[in-house]
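Read off the chains here:
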Amino acid sequence: MHDAILIHDLEFRWPGAARPTLSIPSWRVRQGERVFLYGPSGSGKTTLLNVLAGIQTPDKGVVQVLGSALGSMSARARDRFRGRYIGYIFQQFNLVPYLTVAENIALARHFGAPDPSVWRPSAEQFQKETRALLARLGLSEELLSRQAMRLSVGQQQRVAVARALINRPRLIIADEPSSALDSDARDDFLALLLECAAVHDSAVVFVSHDRGMARHFETQVALASVNGAAGGP
Amino acid sequence: MLLKVALASLLNRRLIVALTVLLIAISTLVLLGVEHLRQEARNSFNKTVSGTDLIVGARTGQINLLLYSVFHIGNASNNISWQSYEQISARPGIAWTVPISLGDSHRGYRVVGTSEAFFTRFLYGNQQALSFEQGQAFSTLHEAVVGAELASALGYTEGQQIILSHGLGNVSFSNHEDQPFTIVGVLAPTGTPVDRSVLVSLESLEAIHANWPGSGALGASAPQPAPALTPQSITAFLVGLESRLATFAVQRQINEYRQEPLLAILPGVALSELWTMTGALEQVLTLIALMVLLSSLLGMSIMLLSTLAQRQREIAVMRAMGAHASFVFLLVEIEALLIAAVGTVLGVASLFLALNVGADWLSARYGLFLELNVFNGATLRYAGLIVGCAVLLAMLPAIAAYRRSLAGALAGR
C-alpha cells in the first residue's frame, strides 16, 4: 500500500523571497495515520498544506500523495485529484456563503466526483451519504436548505467536515480548523472530525499551533523537525 | 452547477446587481430608442408619399415645400394661383394633378382642401390607395371626410356635423360656425398625416371664406350672394406623370414657369436631402448612445472587479473543493452574461412600453407614425452586440479572478 504522503528533497520558495520557506529532506505519512503537525505562526505550515494539496508547486523535490506524484500532473489534473482524494478544511470560512448547506456539499461532489472505477454512487446514495454525515456530525437535516452564512461558526465548521468528507477522501488536511471555536467546542469538534475520518480510514494531517490538541493524535510532529528552513523569516 | 452558483451569487448581492442591471437597461433603452426612432422616422416619412411624381408649390426650399405640403409641418410662405395650377394641369405629359389647400383647422387638426381625385391618386406605403372605413368621398359642398386617428380621438362617425376654424391651432376664436360640415366618410388608418386630417373640397373652403369678413369685406363692398366657388389660390399640388422618364423635363419646365415663381420637387429626392441634413445629427446621437452603453458595461466590469476582493474566500473554498481556476473565470463571465442579458431584456421591454405610451404624442406632435413592435432583426442584432460587449468587457474581472485564484494560496482567513 502507498503512503498517504511521501516527500523527498522538497524545497519551496515564494516568488521574490530570499530564502526558501520549506526545505524538507524527507517526510512520510502512512495510510490512515493521524498526524498532528505543530509549529509557530509563519513557520510554513499553511505553505506545506498548499503544496500537499497541489495548489502550490515546489521548486524542487518530489511530493507523492496517495502514491501519485503531484509534480507530474497538469494543474487541472491536480485540481481534480484534490477534489477527489483530499478533504481540505480551513480555520474558518469553509463554505460558499451564499449557497445552502446542501448546495455546498453538492458543489464539493461536483468538483470531486469519485473515481468511477473505485466508487460509482448514484444521486440517491449521495443523498444518503450527506444525511448520514450530517447525522454523525449532530446537524439537523433542516440545515440543508439554509444558507451557509446563516449558520453559527460551530455549525459552519461541522458542515465543513461534511463538505470535506462527502467524496470519501483518503487524506484529510485540516488547517487549524478548530481555532475559531471555544475550548469546549474544540474538543468535541476534533472528536467528530477524527470519528468521521475513521469511517473510511482516511489519513489526517492536522495543523495547529495549539499543542493542547496533540493528545488526540497518534503521531505528533514539530514542523521544525522536518523543515530545515523553519525558523527563518 | 455553474449557472446555479452564479445565480445564487448574484442574488446574494442583489442590490448592487439590480443597480447594474438598471444601468444596462437604461443604456439599452437609449441605444435602441435612438436607433428605432431614427429608422421609424425615415420609414414613416418614406411611406407617406408614393405614386406622386412631383409636388409643386410656391418657390421655397424643397424640404420646406415637402414638409408643409404633405407632412403638415410648418406653413407655406406663399400660395400659388389657381390659374397656374390649371395651366400646368393641362400640359401634355401630365396624367393627373391633385390640389392641396391648407390653412384651416378643426380642433387642432389640419383641414385639407382638395379635389375628389385625392382619394384615388394619393397613394401611401407600398402604392396603397386610401380606403374608407365608413361612408365615401365628399361630393358636394359642406361635406367632410376625416382621418382614422382624428375620428377615433374625437369620436366622430359618419353623419356628424363639425365646425371648421380659421387658421391653425387648438383654440381658434374665428369659427366658421354658420357653415357646419357633415362627415360623409371616415378613412381607414394609413400611418400618414392623412389620419389626422379633415378633407374637404376646395369649393367648400371657398364657400366658407367667401362670406368671411376678413376676406370678403375688404375685397367687395358686400358679400357676394352666389360667389363662383373657384379658388383664387391653393397651397400646393401633387402631380402624376404619364411617363416617369419625363420627370426631370417637367420639373425643369415648372421651375422655369414664367407667370409665377414655382418649385417642383421629387418627393424622394427631397427626402434624401432631408436625411443628408439630419444624418450628421443622427450619427452623433448614435455615437452618444454607444458611449452610454460602453460606460454602463464598464460600470458592470468595475462592479465585478471591486467585489472580487470580498470573494477571495469563496474562491479559496471552491479551489479547495477541487475547482480549477477556469471555473472561477467562467463564474465571473456567466454573472456578467446574466446581468447583461437581463438588463437588455428589461431595456427592450421598457422601450416597447415607452413607445406604446408615447406613440400618440409623437404622432400628434411630430407627425411620426412609429412601428410599435420593436422585436425585429435590428433589435436582436443590437441585443447581441450588448451582450457580446458585456462578455468581452467582463474578461477583465474574469481574468483577474482567474489569476488571483491560480496564484492565491488556500489560506482560509
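What you see is a predicted model; the values in this text were computed from it and never measured.

### A closer look at the packing of helix α2 (residues 14-46) of chain B against helix α10 (residues 267-308) of chain B
Residue and element names in this part refer to chain B. Two elements in contact, α2 and α10, have axes whose closest approach is 9 Å; the angle formed by their N-to-C orientations is 170°. One finds that α2 runs roughly antiparallel with respect to α10. In the contact of α2 with α10, the residues fall into 20 nonpolar, 6 polar and 4 charged.

### With respect to the pattern of salt bridges
Throughout the structure, instances matching the rule amount to 19 salt bridges over all chains. The salt bridge involving Arg30(A) is made with Glu33(A); its shortest N-O contact spans 3.6 Å. Residue classification places Arg30(A) among the partly exposed residues on the basis of a relative accessible area of 45%. The salt bridge involving Glu335(B) is made with Arg311(B); its shortest N-O contact spans 2.9 Å. Of this pair, Glu335(B) sits in helix α12 (residues 325-366) while Arg311(B) sits in the loop between α10 and α11 (312-321); the two residues are 24 residues apart in sequence, bridging distant segments of the chain. The pair Glu335(B) / Arg311(B) is uniform in exposure class, with both members buried. Three or more residues are tied together by salt bridges with common partners; here these are Arg13(B), Arg311(B), Glu314(B) and Glu335(B).

### Some words on the sheet that holds strand β9 (residues 219-222) of chain A
Residues and elements named next belong to chain A. Taken together, the 5 strands give an open sheet; going across it, the order is β6-β7-β8-β3-β9, and neighbouring strands pair in parallel fashion. On the outer flanks of this sheet lie β6 (86-89) and β9, each paired with one strand and no other. The mean angle between the axes of side-by-side strands here comes to 15°, regardless of whether they run parallel or antiparallel. Bridge analysis of strand β3 (residues 34-38) against strand β8 (residues 203-208) gives 5 bridges, and the strand direction is parallel. Pairing of Tyr38 across the sheet is with Ser208, part of β8.

### Regarding unusual backbone geometry
All names here are of chain B. The phi dihedral of Arg107 is positive, around 50°, even though this residue is not glycine. Tracing the chain through its elements places Arg107 in the loop between β3 (94-106) and β4 (109-114). Unusually for a residue other than glycine, His142 sits at a positive phi of about 60°. For His142, the position within the fold is in the loop between β7 (132-135) and β8 (143-146).

### Digging into the interface of chain A and chain B
Tallying the contact residues gives 33 residues for chain A and 29 residues for chain B. Note on chain A versus chain B: buried area summed over both sides is about 2700 Å², and carbon and sulfur give 63% of it. Counting the surface chain A buries against chain B, the share from its top three residues, Phe90(A), Tyr98(A) and Phe111(A), is 26%. Inspection of the chain A/chain B interface yields 1 salt bridge. Counting residues per element, the ones that place at least two in the side of chain A that touches chain B are α1 (45-53), α2 (75-85) and α3 (101-111) of chain A. When residues in the side of chain A that touches chain B are grouped by element, the largest group, 7 residues, is from α3(A). Looking at the side of chain A that touches chain B residue by residue, the classes come out as 16 nonpolar, 10 polar and 7 charged.

### Considering the domain arrangement of chain B
All names here are of chain B. Structurally, chain B comprises domain 1 (2-45 + 278-410) and domain 2 (54-265). Here the C-alpha centroids of domain 1 and domain 2 sit 50 Å apart. Each partner contributes residues to the interface: domain 1 has 5 residues there, and domain 2 has 9 residues. Buried area between domain 1 and domain 2, summed over both chains or domains, comes out near 590 Å², and the portion from carbon and sulfur atoms is 65%. Taken together, domain 1 and domain 2 are joined by 0 salt bridges. For the interface between domain 1 and domain 2, the tally reads 0 residue pairs in polar contact (both at pLDDT 80 or more). With 3 residues, α12 is the single largest residue contributor to the side of domain 1 that touches domain 2.

Rules used throughout
Residues numbered from 1 in each chain as written. Chains lettered and ligands numbered in written order. Predicted model: local features only at pLDDT ≥ 70, side-chain atom pairs only at ≥ 80, totals over all residues. Heavy atoms only, no water. Axes fitted to C-alpha atoms, helices over the stretch in contact; angles between N-to-C directions. Helix = DSSP H or I, 4+ residues; strand = E, 2+ residues; numbered from the N terminus. Parallel < 35°, antiparallel > 145°, perpendicular 65-115°, else oblique. Nonpolar A, V, L, I, M, F, W, Y, C, P; charged D, E, K, R; others polar. Salt bridge = Lys/Arg side-chain N within 4 Å of Asp/Glu carboxyl O. Buried < 20%, exposed > 50% of the residue type's maximum accessible area, 1.4 Å probe, protein only. Pairing = 2+ DSSP bridges. Contact = heavy atoms within 4.5 Å. Buried area = accessible area lost by both parts, 1.4 Å probe. Domains from an automatic or database assignment. Polar contact = N/O pair within 3.5 Å; in protein donor to acceptor, adjacent residues only side chain to side chain.

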